[in-house]
Amino acid sequence: MRIVCIGGGPAGLYFGLLMKKFHPEHQVTVVERNKPYDTFGWGVVFSDATMESMKVWDPESAAEIQDAFNHWDDIEVWFKGKKQRTSGHGFVGIGRKKLLNILQARCEALDVELKFETEVDSDLDFPDADLIIASDGLNSRIRNKYADIFEPDLVVRPNRYIWLGTNKSYDAFTFDFRKTEHGWFQAHIYKFDENTSTFIVETTEEAYEAHGLGQLDQQGSIDFCENLFSEVLDGASLMTNARHLRGSAWPNFSRLICSKWSHFNGSAHVVLMGDAAHTAHFAIGSGTKLAIDDAIELTRQFQEHGHSKDKIPAVLAAYEEIRRVDVARIQNAARNAMEWFEVVGRRYADTLEPEQFMYSMLTRSQRISHENLRLRDHNWLEGYERWFARKAGLDTSTNGRCLPPMFTPYTLRDVTLPNRIVVSPMCQYSAVDGSAQPWHQVHYGMLSMSGAGLLCLEATHVEREGRITQGCLGLYSDENEAALKPVVEWVRGWMPNVKL
């Protein structure tokens, strides 16, 4: 086969080297618009699972990448004058330039043809190709050319961000939250080589506009960030990468998904890979992981189905079916994390104390649960549980574990619930002209014995005319009140701690 990868990022390079490694008879070309070994960008983050896959598929490049990795277990959060740290999270980071240089060298060793300083406007520039990998990034020209087929869904998110670097080395994945007179800014900071760290600053559109950041040049933006985050920088300066910041120095993140990932252009099959097919917000650092996993899965499908030209349609169909599921899972977690940062000021930062704020941040993607935090760092979580229990008025002076937050009391004005479990039952549609029946006595009696601190009634109507159905519970007559009274009295009499 004649294979052309348009775009020399992680997806194109890794797929090119894998196909050439397993099938050296194929002619594989990677086309890149930049100069040889002249890549740019700051650091990227890998998952342990992706690294393990790379060790299986190409141990040679994996060994070099792993040697260049910077590994850290800790997350540190700076918030409202307090620094908090938790461990057991297991990140690995590497400079984007270093990663691509390793992959470029491995491609050359396998006789993959690398064509640099070459702009590609169309897949039709390669009429002799059998398979074209469109790995040309978020602004993919190939995908945009066939937009009616790929049906890209591109959503521009509200927050602004600027991607910078610093020569200060951090020993933890660090988050710094700073409030200005116009709103909150947050920095995402992580080390990717011995001397350099990525430093991403994010804020809302409102804060961006109020501070006039759109009127500043790149150096003005850097000066603003250095002043705002002077404490965490501790005298270090911030650096920009002019090519990375083409256009707006503060772009909006764009979430991309596509309805279809492949297309036959009449002579060659075109398939999307990496950011050309999907994006994941930097809040969970999975863009490079997704690109590498794309390359591995497409290679795997050629291994399973065969690598002749006639197998390409089946290979691409299986590739898309499998990858779509995993990408959706990662994008869902990334969306949760992204949305948390988008509303962090008005929903969390202004109201939460540092301890609860950090807990909220650690669980923002909804992939990390309370008990998963215990597996990662039980000392930190148990310390947080003690803090939470004290806030709820419990005595934490004795040894041993505290009650989990769910089982601590909660006070609403003059009512104190014994725990934070709330049961909200479905409508039973068993009332007669709004009046409760024996069924309600049994139903609510059973629920009151569940141990929940608060038991809500089903939807109860205050007017006969407003009912959804004739079987809906009501409180629009003296008869309704009289019928419901014994139900409430039974719950309160037999389960006095339950609030109804």
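In the block above lies the structure referred to throughout.
Residue numbers here run from 1 along each chain, matching the order of that chain's written sequence. Local features in a predicted model are, by the rule used here, given only for residues with pLDDT of at least 70; side-chain atom pairs are given and counted only at 80 or more, and totals for whole chains, interfaces and linings are based on all residues. Side-chain figures throughout are based on the complete set of non-hydrogen atoms in the structure, without hydrogens or water.

A. The arrangement of the pairing of strand E2 (residues 27–31) in detail. Exposure classes here rest on a 1.4 Å probe applied to the protein chains alone. A residue is buried below 20% of its type maximum, exposed above 50%, and partly exposed in between. The secondary structure listing takes helices from DSSP runs of H or I that are at least 4 residues long and strands from runs of E that are at least 2 residues long, numbered from the N terminus. Taking burial as the measure, the five residues of E2 include four buried ones, the bulk of the element. Where strand E1 (residues 2–6) meets E2, five bridges bridge the pair, whose relative direction is parallel. Within the sheet, the bridge partner assigned to Ile-6 lies in E2 and is Val-31. The handedness of the E1 to E2 crossover, carried by helix H1 (residues 10–22), is right-handed. One requirement defines pairing of two strands: DSSP has to find at least two bridges between them. The sheet contact formed by E2 and strand E8 (residues 113–115) spans three bridges and is parallel. Directly across from Val-31, in E8, lies its bridge partner Lys-115. The path from the first strand over the helix to the second decides the hand: if it runs clockwise while the strands point away from the viewer, the crossover is right-handed.

B. Up close: a nonpolar patch on the surface. A grouping of Leu-403, Met-406 and Phe-407 is seen on the molecular surface, where their side chains present a nonpolar patch of about 280 Å² in accessible area. Taking the relative accessible area as the measure of exposure, Phe-407 reaches 39% and is therefore partly exposed. Patch definition: residues above 30% relative accessible area lacking any salt bridge, with like charges linked at up to 9 Å and the nonpolar side chains Val, Leu, Ile, Met, Phe, Trp and Tyr linked at up to 5 Å. Here the accessible surface of atoms and residues is derived via Shrake-Rupley with a 1.4 Å probe, and residues count as covered only by protein chains that are part of the display. Take a side-chain nitrogen of Lys or Arg and a carboxyl oxygen of Asp or Glu: if they are within 4 Å of each other, that pair is a salt bridge.

C. View of the packing of H1 against helix H10 (residues 287–305). Every angle, taken between N-to-C directions, lies between 0 and 180 degrees, and every axis is a line fitted to C-alpha atoms, over only the stretch in contact when it is a helix. H10 packs onto H1 with a crossing angle of 25 degrees between their chain directions and a minimal axis gap of 8 Å. Regarding the angle of H1 to H10, the classification is roughly parallel. The two elements H1 and H10 meet at a crossing, and its hand is right-handed. Contacts from Pro-10, Ala-11, Tyr-14, Phe-15, Leu-18, Met-19 and Phe-22 of H1 reach H10 at Thr-288, Ala-291, Ile-292, Ala-295, Ile-296, Leu-298, Thr-299, Phe-302 and Gln-303. Charged means Asp, Glu, Lys or Arg here, nonpolar means Ala, Val, Leu, Ile, Met, Phe, Trp, Tyr, Cys or Pro, and polar covers whatever is left, Gly included. Split into classes, the residues belonging to the contact of H1 with H10 amount to 13 nonpolar, three polar and no charged. Roughly parallel covers angles under 35 degrees, roughly antiparallel covers those over 145, roughly perpendicular covers 65 to 115, and oblique covers all other angles. The crossing is said to be left-handed when, going from far helix to near helix, the turn is anticlockwise and less than a right angle, and right-handed when the turn is clockwise. In what follows, residue pairs with any heavy atoms lying within 4.5 Å of each other are defined as contacts.

D. View of the packing of aromatic side chains. To pair, rings of Phe, Tyr and Trp, with the six-membered ring standing in for Trp, must have centres within 6.5 Å; the planes then decide the type, stacked if under 30 degrees apart, edge-to-face if over 60, and tilted in the middle. A full pass over the atoms with the stated rule returns 29 aromatic pairs. When the ring of Tyr-161 is compared with that of Phe-282, the centres are 5.0 Å apart and the planes differ by 55 degrees; the resulting orientation is tilted. Pair noted here: Tyr-161 is in strand E10 (residues 152–166) and Phe-282 is in the loop between strand E17 (269–272) and H10, with a separation of 121 residues, a long-range link. This pair shows no difference in class: Tyr-161 is buried, exactly as Phe-282 is. On the basis of an interplanar angle of 5 degrees and a centroid distance of 6.3 Å, the ring pair of Phe-177 and Phe-341 is categorised as stacked. Of this pair, Phe-177 sits in strand E11 (residues 173–180) while Phe-341 sits in helix H11 (residues 312–342), and the two are 164 residues apart along the sequence. No difference in accessibility class separates Phe-177 from Phe-341, as the two residues are buried. When the NZ atom of lysine or the CZ atom of arginine is within 6 Å of a ring's centre and also within 35 degrees of its normal, the charge is said to sit over that ring. Positioned above the aromatic ring of Tyr-170, the side-chain terminus of Lys-168 is 5.2 Å from the ring centre.

By themselves, these are just geometric observations and shouldn't be taken as functional.
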